[in-house]
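A look at the structure
Chain by chain, the residues:
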Amino acid sequence: MGVADWIGLGQMDELGRMDTPMHRIDARAKACVTVAFIVVVMSFPRYEISALVPFLFYPLVLVSLGRIPGRHIVRKIWVASPFALAVGLFNPFFDRQPYGPLGVAGGWVSFASVLLRFLLTVGAALALVACTGMNRLAAGLGRMGVPRVFVVQLLFLYRYLFVVSDEGGKMLRSVEMRSEKGRPLRFRPYGSLLGTLLLRSMDRAERVYRAMVARGFDGEVRELGRPAIRFEDILFVGVWLAFFIIARVWNLADGLGLLLTGIWA
């Protein structure tokens, strides 16, 4: 099993072909809202946590209305989580100033904020791809005026993961067949294996590209149809942008907490 199969990239393509209310929203509308979501989430101060919590609502709605199995999104977030851990891991060691009424070190608060931002942004991006499909998303970006070279490179990068995964799976099976059963490889052979994997993947990618050119590929992302923007798409953009602005200006989590405290007091 290749890396792409393990993290379910093929499953993402299948999910993108479903027919749900979220899938029927135009790719341009979902892309604009997701970009705005990421920008707003990243604009909060580094010690902010509670104000970020209401933003979980957006990826949860995408996953729910798009009927996306949560385990697929969680698995991909888990695969990418070491990068977030590497970014914020040293915060508790360099920022030891007390923060807040509890006197918790500011480094731990900023570390939690980094993890929450990572969960929100990566979750929203994955939900976007699962509810749209990479081909429809790339075509939508092209219609929005994104440079064609960027759109094509994005598609090639996505597909190249499958090439590397397939070649890596073949190499691992070869290694397992030629090594003693149950005996792990030493560290030294991994360097040559990675170099071989890179060369084999580049060679196969070149063959794939030549085959595409022979079949008429000219760098243009084509669609079977060009759907027009509907009222539902405009409403989708307007409602979510209004929610993001409100959640950015006011701390909805604190407001809800005060409301519940007043009710139960």
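Located above this text is the structure these notes cover.
Note that the structure is a prediction, hence the values are computed from the model and not measured.

Thoughts on helix 7 (residues 106-132)
Helix length check: helix 7 (27 residues) gives 39 Å between terminal C-alpha atoms against 39 Å at 1.5 Å per residue, within 8%. Across the 27 residues of helix 7, 20 count as buried, placing the element largely inside the fold. Of the residues trailing helix 7, Gly 133 is marked for its positive phi of about 90 degrees.

Notes on the environment of Tyr 160
Examined against the element boundaries, Tyr 160 turns out to sit in helix 9 (residues 148-178). Put simply, Tyr 160 and Ser 201 are 41 residues apart on the chain and 8.3 Å apart in space, counted from C-alpha to C-alpha.

Here's the deal with unusual backbone geometry
With a phi angle near 55 degrees, Arg 67 is a residue other than glycine that sits in the positive phi range. Residue position: Arg 67 is located in the loop between helix 4 (57-65) and helix 5 (70-88). Relative accessible area serves as the criterion here: at 53%, Arg 67 is assigned to the exposed category.

Points about a nonpolar patch on the surface
A cluster of nonpolar side chains, Ile 245, Ile 246, Val 249, Trp 250 and Leu 252, forms an exposed patch at the surface whose accessible area comes to about 500 Å². Sort the elements by how many residues they give to the nonpolar patch and helix 11 (residues 231-249) lands first, with three residues. The topology assignment puts Val 249 in helix 11.

Points about the side chain of Arg 117
Structurally, Arg 117 can be placed in helix 7. No salt bridge is formed by the buried Arg 117. Its closest oppositely charged neighbour is Glu 48, at 7.5 Å. A distance of 3.1 Å separates a polar atom in the side chain of Arg 117 from the backbone oxygen of Phe 44. Setting aside chain neighbours within four positions, we find Arg 117 in contact with Val 41, Met 42, Phe 44, Pro 45, Arg 46, Glu 48 and Leu 52.

Remarks on the packing of helix 7 against helix 8 (residues 134-143)
At a closest axis distance of 7 Å, the pairing of helix 7 and helix 8 adopts a crossing angle of 100 degrees. By the angle class used here, helix 7 and helix 8 are roughly perpendicular. Here helix 7 contributes Leu 128, Val 129, Cys 131 and Thr 132 to the contact with helix 8, which in turn contributes Met 134, Arg 136 and Leu 137. Classifying every residue of the contact of helix 7 with helix 8 by side-chain character gives five nonpolar, one polar and one charged.

Things to note about the packing of helix 4 against helix 11
Following both chains from N to C, one finds helix 4 and helix 11 inclined at 150 degrees, their axes separated by 11 Å at the closest point. In this view, helix 4 runs roughly antiparallel relative to helix 11, as classed from their interaxial angle. Residues Phe 57, Tyr 58, Val 61 and Leu 62 of helix 4 touch helix 11, and the partners they reach there are Phe 236, Trp 240, Phe 243 and Phe 244. When its residues are assigned to classes, the contact of helix 4 with helix 11 shows eight nonpolar, no polar and no charged.

Observations regarding the packing of aromatic side chains
Counting across every chain of the model gives 14 aromatic pairs. An aromatic cluster is defined as three or more aromatic residues linked by ring pairs; in this entry it consists of Phe 37, Phe 44, Phe 55, Phe 57, Tyr 58, Trp 240, Phe 243 and Phe 244. Arg 248 extends its terminal NZ or CZ atom over the ring of Phe 44, reaching a point 4.3 Å from the ring centre.

A few points about the nonpolar core
The biggest cluster of nonpolar side chains holds 44 residues, and the ones touching the most others in it are Phe 37, Phe 55, Tyr 58, Phe 236, Trp 240 and Phe 244. Elements that contribute at least two residues to this core include exactly helix 2 (9-16), helix 3 (27-42), helix 4, helix 5, helix 7, helix 8, helix 9 and helix 11. A per-element tally of this core places helix 7 first, with 10 residues. Inspection of this core shows a minimum of three residues originating in each of domain 1 (1-146 + 228-265) and domain 2 (147-220). In contact with Tyr 58, not counting residues within four places along its chain, are Lys 30, Val 33, Thr 34, Phe 37, Ala 124, Phe 236, Trp 240 and Phe 244.

Conventions we followed
- Every chain's residues receive numbers from 1 upward, in the order its sequence appears when written.
- Whole-chain, interface and lining totals are the exception, using all residues; otherwise, since this is a predicted model, local features are given only for residues with pLDDT of at least 70 and side-chain atom pairs are given and counted only at 80 or more.
- Hydrogens and water are ignored here; the side-chain numbers use all heavy atoms of the structure.
- A run of H or I in DSSP becomes a helix once it reaches four residues, and a run of E becomes a strand once it reaches two; helices and strands are each numbered from the N terminus.
- Working rule for helices: expected span equals 1.5 Å times residues minus one.
- Burial here depends on accessible area, computed with a 1.4 Å probe over protein chains only, as a share of the maximum for the residue type. Under 20% is buried, over 50% is exposed, and the range in between is partly exposed.
- The patches reported here contain residues having more than 30% relative accessible area and no salt bridge. Joining distances are 9 Å for like charges and 5 Å for nonpolar side chains (Val, Leu, Ile, Met, Phe, Trp, Tyr).
- Methods summary: accessible areas were calculated by the Shrake-Rupley approach with a probe of 1.4 Å, and residue burial reflects only the protein chains presented.
- Definition used for salt bridges: Asp or Glu carboxyl oxygen within 4 Å of a side-chain nitrogen of Lys or Arg.
- As used throughout, the charge tally considers Lys and Arg to be positive and Asp and Glu to be negative, leaving His and the chain termini uncounted.
- Side-chain atoms alone can form a polar contact between residues adjacent in sequence; in general such a contact is a pair of N or O atoms within 3.5 Å, and within protein one must be able to donate a hydrogen while the other accepts it.
- We call two residues in contact when some of their heavy atoms are within 4.5 Å.
- The convention used is that axes are lines fitted to C-alpha atoms, helices contributing only their stretch in contact, and that angles between N-to-C directions extend from 0 to 180 degrees.
- What sets the label is the angle itself: under 35 degrees gives roughly parallel, over 145 gives roughly antiparallel, 65 to 115 gives roughly perpendicular, and the rest give oblique.
- In this classification, Asp, Glu, Lys and Arg are treated as charged, Ala, Val, Leu, Ile, Met, Phe, Trp, Tyr, Cys and Pro as nonpolar, and every other residue, Gly included, as polar.
- The criterion for an aromatic pair is that two Phe, Tyr or Trp rings (for Trp, the six-membered ring) have centres within 6.5 Å, with stacked assigned to planes under 30 degrees apart, edge-to-face to planes over 60 apart and tilted to the rest.
- A ring is scored as having a charge over it whenever the NZ atom of a lysine or the CZ atom of an arginine sits within 6 Å of its centre and within 35 degrees of its normal.
- Grouping buried Ala, Val, Leu, Ile, Met, Phe, Trp, Tyr and Cys residues that are joined through side-chain atoms within 4.5 Å yields what is termed a nonpolar core.
- Residue ranges labeled as domains rest on an automatic or database domain assignment.

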